[in-house]
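Chain by chain, the residues:
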Amino acid sequence: HQTYALRTLLREADCVISPSKIFAKKSSKILHNRVCHISNPVNPLLLGEEPMFDGDGSILFMGRLEYEKGVHLLLALAKILKKFKINIIGKGSLDGLFLEDRLLNLSYYGYVKEDEKMNLIRRANVLVVPSIWCDMFPTAVFEAFTFGKPVVAFDLGGPKEMIEASGCGLLATPFEIKDFAEKVKYLIENQSEAKKR
């Protein structure tokens, strides 16, 4: 029923808005050029933040704890990057993963208030977005950029688009967690390089 309703709405719409240029281009082929690209809105309070390039060497993930967000890969990342602390903010159906598998370098915060989230972003050196599907416009990426923090993501969808446009981060080969880990490690160990991005 949901798929039918969505198809009907798309067919009858005069215009469809996409927060991603990549998706706008792909969708316009199907919907015959009735797709407009408009970026997602962002919290205007973030625009007053001063970039803080240095961090405490930690890695941050923030977002929904769901399979498509690559949350299950954070455990593998923590095992590869044993000497780096990984902080996880978010709730979802996979939050049990972090309660069951107690890795010393992994801290699970669950849902946090805005000021605590901002403090964790300020302290981090790198934000990770291991999504295994094509996210359109992850707000977490924009928030990291606002604080001058580089982002590591797979070479897919919206994060790819945002990192390429800004130069603020590195893209890993899709689904290759070792390559992903190497990119994260490089940015933490080469902070001067991260500042250039």
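Residues numbered from 1 in each chain as written. Predicted model: local features only at pLDDT ≥ 70, side-chain atom pairs only at ≥ 80, totals over all residues. Heavy atoms only, no water.

Novice: Break down the pattern of salt bridges for me, with residues and values.
Specialist: Tallied over the entire structure, the rule returns 11 salt bridges. One salt bridge in this structure joins Asp135 and Lys69, with 3.1 Å as the shortest N-O distance. Of this pair, Asp135 sits in the loop between strand S6 (124–129) and helix H6 (139–146) while Lys69 sits in the loop between strand S3 (58–62) and helix H3 (73–80), placing them 66 residues apart in sequence. For the pair formed by Asp135 and Lys69, the shared burial category is buried. Measuring nitrogen to oxygen at the nearest pair gives 3.6 Å for the salt bridge that ties Lys83 to Glu189. Of this pair, Lys83 sits in the loop between H3 and strand S4 (86–89) while Glu189 sits in helix H8 (residues 177–189), and the two are 106 residues apart along the sequence. Judged by relative accessible area, which is 65%, Lys83 ranks as exposed. Shared partners join several salt bridges into a network, and the residues in it are Lys83, Lys185 and Glu189. (Salt bridge = Lys/Arg side-chain N within 4 Å of Asp/Glu carboxyl O. Helix = DSSP H or I, 4+ residues; strand = E, 2+ residues; numbered from the N terminus. Buried < 20%, exposed > 50% of the residue type's maximum accessible area, 1.4 Å probe, protein only.)

Novice: Any details on the layout of surface pockets? Residues and values, ideally.
Specialist: Estimates place the volume of the largest pocket at around 450 Å³. Every residue lining the largest pocket is counted, 25 residues in all, and those nearest its centre are Met62, Gly63, Arg64, Ile89 and Ala140. Broken down by secondary-structure element, the contributors of at least two residues to the lining of the largest pocket are S3, helix H5 (114–123), S6 and H6. Here the lining of the largest pocket gets three residues from one element, more than from any other, and that element is H6. For the lining of the largest pocket, the class distribution of residues is 12 nonpolar, five polar and eight charged. Here the second largest pocket defines a volume of roughly 180 Å³. In terms of lining, the second largest pocket is formed by Leu6, Leu10, Val16, Ile17, Ser18, Phe23, Ser27, Leu31, Val35 and Met136. Listing elements by their share of the lining of the second largest pocket, those giving two or more residues are helix H1 (2–12), strand S1 (16–18) and helix H2 (21–31). In the lining of the second largest pocket, the residues fall into eight nonpolar, two polar and no charged. (1 Å grid on protein atoms, 1.4 Å probe; cavity = no way out; pocket = protein on both sides within 12 Å on 5 of 7 lines; lining within 4 Å. Points joined across faces, edges and corners; volume = space filled by probe spheres on them. Nonpolar A, V, L, I, M, F, W, Y, C, P; charged D, E, K, R; others polar.)

Novice: Describe in detail empty space enclosed by the protein, supporting the description with residues and values.
Specialist: Where empty space is left becomes clear once a probe the size of a water molecule has been rolled over the atoms. Within this structure, the stated rule accounts for one cavity of 30 Å³ or more. Space inside the largest cavity adds up to approximately 40 Å³.

Novice: Requested: an account of the environment of Leu81, with residues and values cited.
Specialist: Summarising the element assignment, Leu81 is placed in the loop between H3 and S4. Owing to a relative accessible area of 3%, Leu81 belongs among the buried residues under this scheme. Along the sequence, Leu81 and Val184 sit 103 residues apart, while their C-alpha atoms lie 8.8 Å from each other. Contact partners of Leu81, with chain neighbours within four places excluded, come to Ile59, Asn105, Ala181, Val184 and Lys185. (Contact = heavy atoms within 4.5 Å.)

Novice: So what's going on with the confidence of the model for the protein? Which residues, and what values?
Specialist: Per-residue pLDDT for the protein has a mean of 85; in total, 87% of the residues score no lower than 70. Taken element by element, the protein is modelled with least confidence in helix H9 (residues 191–196), mean pLDDT 66, and with most confidence in S3, mean pLDDT 97. (pLDDT = per-residue confidence, 0-100.)

Novice: I'd love a proper account of the nonpolar core, names of residues and values included.
Specialist: One recurring pattern in soluble globular proteins is that nonpolar side chains are buried together. With 29 residues, the main nonpolar core has Leu77, Val128, Phe180 and Val184 as its most contacted residues. Mapped onto this core, the elements with two or more residues apiece are S3, H3, S4, S6, strand S7 (151–154), strand S8 (169–172) and H8. By residue number, the principal contributor to this core is H8, which donates six residues. What Leu77 contacts, discounting residues up to four positions off in sequence, is Ile86, Val128, Ile177, Phe180 and Ala181. Counting residues in each nonpolar core, the second largest holds 21 residues, with Met62, Ile121, Phe137 and Ala140 among its members. (Core = buried A, V, L, I, M, F, W, Y, C linked by side-chain atoms within 4.5 Å.)

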